Amino acid sequence: SEMCIRDRMIKMVTEQNDRLNKMVKTLLDMSELQTVGRDDEIILDALVDEVLEDLEPLAEGKNIRLIGKCKDITMVGSDILIYRMLYNLVENAIKYNRFGGQVTVTAYRKGKNICLSVEDTGSGIPDELKERVFEPFFRVDKSRSRELGGVGLGLALVREIVRVHDGSITVQSGSSGGTVFDVVFTQ
């Protein structure tokens, strides 16, 4: 049984180590954000398609439909960072969704603004926690998000990416009771 305890300890340390590595990598990403060039011409519908394609396997596991509703618009920014921002938002929308749900990504231009939204059909976020979801390490449901992996920095990173692009991000309840993240860039 001593062996068993040791194996469990090793497994635990390894998991913690993986989590720390991921966290450090994300924190480094955050501190490097300012230095990343933000003058790529980004074709949004192509970028959204790419994100949805990359996350299709994760969605399939929960039988979730991924829907992109994007007009043919371009924006100027960092291709890598806007990809990462959308990836994190869609990945969360899949992870915290119900089995058989859907995730809808919408992108359109409204006057001088480029609006992006990611909507899920999950169980939503209580109003009093909506502002806090962007805090590093904040978790709406501690027990569940641990099982889902990740280090609780996904939305903090999203907020930083939006900030270095001089945009804004808000979260609200969706029409289906799920959650909608709205990102607005002025260009």
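What you see is a predicted model; the values in this text were computed from it and never measured.

Enquirer: Tell me about the overall build of the protein, residues and numbers included.
Expert: A count of helices and strands for the protein gives five helices and seven strands. For the protein, the succession of helices and strands along the chain, N to C, is α-β-α-β-β-α-β-β-α-α-β-β. For 187 residues, the compact-globule formula gives about 16 Å, and the C-alpha radius of gyration of the protein, at 18 Å, lands near that figure. Taken along its principal axes, the extent of the C-alpha atoms in the protein is 65 × 40 × 35 Å. Counting over 187 residues, the protein shows a buried share of 40%. Considering only residue pairs separated by 6 or more positions, the protein has 72% of its internal contacts joining residues 24 or more positions apart. For the protein, the exposed area adds up to about 10700 Å²; of that, 51% sits on carbon and sulfur atoms. The protein carries 25 positive and 30 negative side-chain charges, and their two centres are separated by 5 Å.

Enquirer: Residue-level account of the nonpolar core, with values.
Expert: In terms of nonpolar packing, the biggest core is built from 49 residues, with Leu 44, Ile 82, Met 85, Leu 89, Val 90, Phe 181 and Phe 185 touching the most fellow members. Where this core is concerned, the elements lending two or more residues are α1 (2-32), α2 (44-61), α3 (79-95), β4 (102-110), β5 (113-120), α5 (154-164), β6 (168-173) and β7 (179-186). Among the elements that take part in this core, α3 stands out by supplying ten residues, more than any other.

Enquirer: So, the sheet that holds β5: which residues are in play, and what are the values?
Expert: The strand order β2-β4-β5-β7-β6 describes an open sheet built from five strands, whose pairing is mixed. On the outer flanks of this sheet lie β2 (65-70) and β6, each paired with one strand and no other. Between one strand axis and the next, the sheet turns by 15° as a mean value, whatever way the strands run. Relative to β4, β2 runs parallel, the two sharing six bridges.

Enquirer: Go over the packing of aromatic side chains with me, naming the residues and quoting the values.
Expert: For the structure on display, the rule yields two aromatic pairs. When the centroid spacing of 5.9 Å and the interplanar angle of 85° are considered together, the rings of Phe 134 and Phe 181 count as edge-to-face. Of this pair, Phe 134 sits in the loop between β5 and α4 (142-147) while Phe 181 sits in strand β7, and the two are 47 residues apart along the sequence. Grouping residues by exposure puts Phe 134 and Phe 181 together as buried.

Enquirer: Residue-level account of the side chain of Thr 121, with values.
Expert: Mapped onto the fold, Thr 121 is located in the loop between β5 and α4. Among all residues touching Thr 121, those that are not within four sequence positions of it are Asn 97, Arg 98, Gly 101, Gln 102, Ser 176 and Gly 178.

Enquirer: Break down α2 for me, citing the residues and quoting the values.
Expert: Between the first and last C-alpha of α2 there are 26 Å, a value that for 18 residues agrees with the 26 Å anticipated at 1.5 Å per step. For α2, the principal kink sits at Leu 55 and spans about 50°; a proline, Pro 57, occurs within the next four residues. Taken from the residues just after α2, Asn 63 is the one with a positive phi, measuring 55°.

Enquirer: Explain the packing of α3 against α5 to me, using residue names and the numbers behind them.
Expert: The geometry of α3 relative to α5 is characterised by a closest axis approach of 9 Å and an angle of 145° between their N-to-C directions. The way α3 lies across α5 gives a crossing that is left-handed. Residue-level contacts link Leu 81, Ile 82, Arg 84, Met 85, Asn 88, Leu 89 and Asn 92 of α3 to Gly 154, Leu 155, Leu 157, Val 158, Ile 161, Val 162 and Val 164 of α5. Here the contact of α3 with α5 is built from residues that sort into ten nonpolar, three polar and one charged.

Enquirer: Break down α5 for me, citing the residues and quoting the values.
Expert: In terms of burial, α5 is largely enclosed, as eight of its eleven residues are buried. Among the residues of α5, those classed as buried are Leu 155, Ala 156, Leu 157, Val 158, Glu 160, Ile 161, Val 162 and Val 164. Backbone geometry just after α5 places Asp 166 at a positive phi near 55°.

Enquirer: Describe unusual backbone geometry, with residues and values.
Expert: One non-glycine residue, Asn 63, adopts positive backbone phi at about 55°. If you trace the backbone, Asn 63 turns up in the loop between α2 and β2. Look at Asp 166: it is not a glycine, yet its phi comes out positive at around 55°. The residue Asp 166 is located in the loop between α5 and β6 in this model. Since its relative accessible area comes to 66%, Asp 166 is described here as exposed.

Calculation notes
Residues numbered from 1 in each chain as written. Predicted model: local features only at pLDDT ≥ 70, side-chain atom pairs only at ≥ 80, totals over all residues. Heavy atoms only, no water. Helix = DSSP H or I, 4+ residues; strand = E, 2+ residues; numbered from the N terminus. Rg over C-alpha atoms; globule rule 2.2 N^0.38 Å. Buried < 20%, exposed > 50% of the residue type's maximum accessible area, 1.4 Å probe, protein only. Contact = heavy atoms within 4.5 Å. Areas by Shrake-Rupley, 256 points an atom, 1.4 Å probe, with all protein chains shown as cover. Lys, Arg positive; Asp, Glu negative; His and termini not counted. Charge placed at Lys NZ, Arg CZ, Asp CG, Glu CD. Core = buried A, V, L, I, M, F, W, Y, C linked by side-chain atoms within 4.5 Å. Pairing = 2+ DSSP bridges. Axes fitted to C-alpha atoms, helices over the stretch in contact; angles between N-to-C directions. Phe/Tyr/Trp six-rings, centres within 6.5 Å; stacked < 30°, edge-to-face > 60°. Expected span 1.5 Å × (residues − 1). Bend = angle between axes of the 7 residues up to and from the residue. Left-handed = near helix turned anticlockwise from the far one by under 90°. Nonpolar A, V, L, I, M, F, W, Y, C, P; charged D, E, K, R; others polar.

Distances and angles like these do not, on their own, reveal function.
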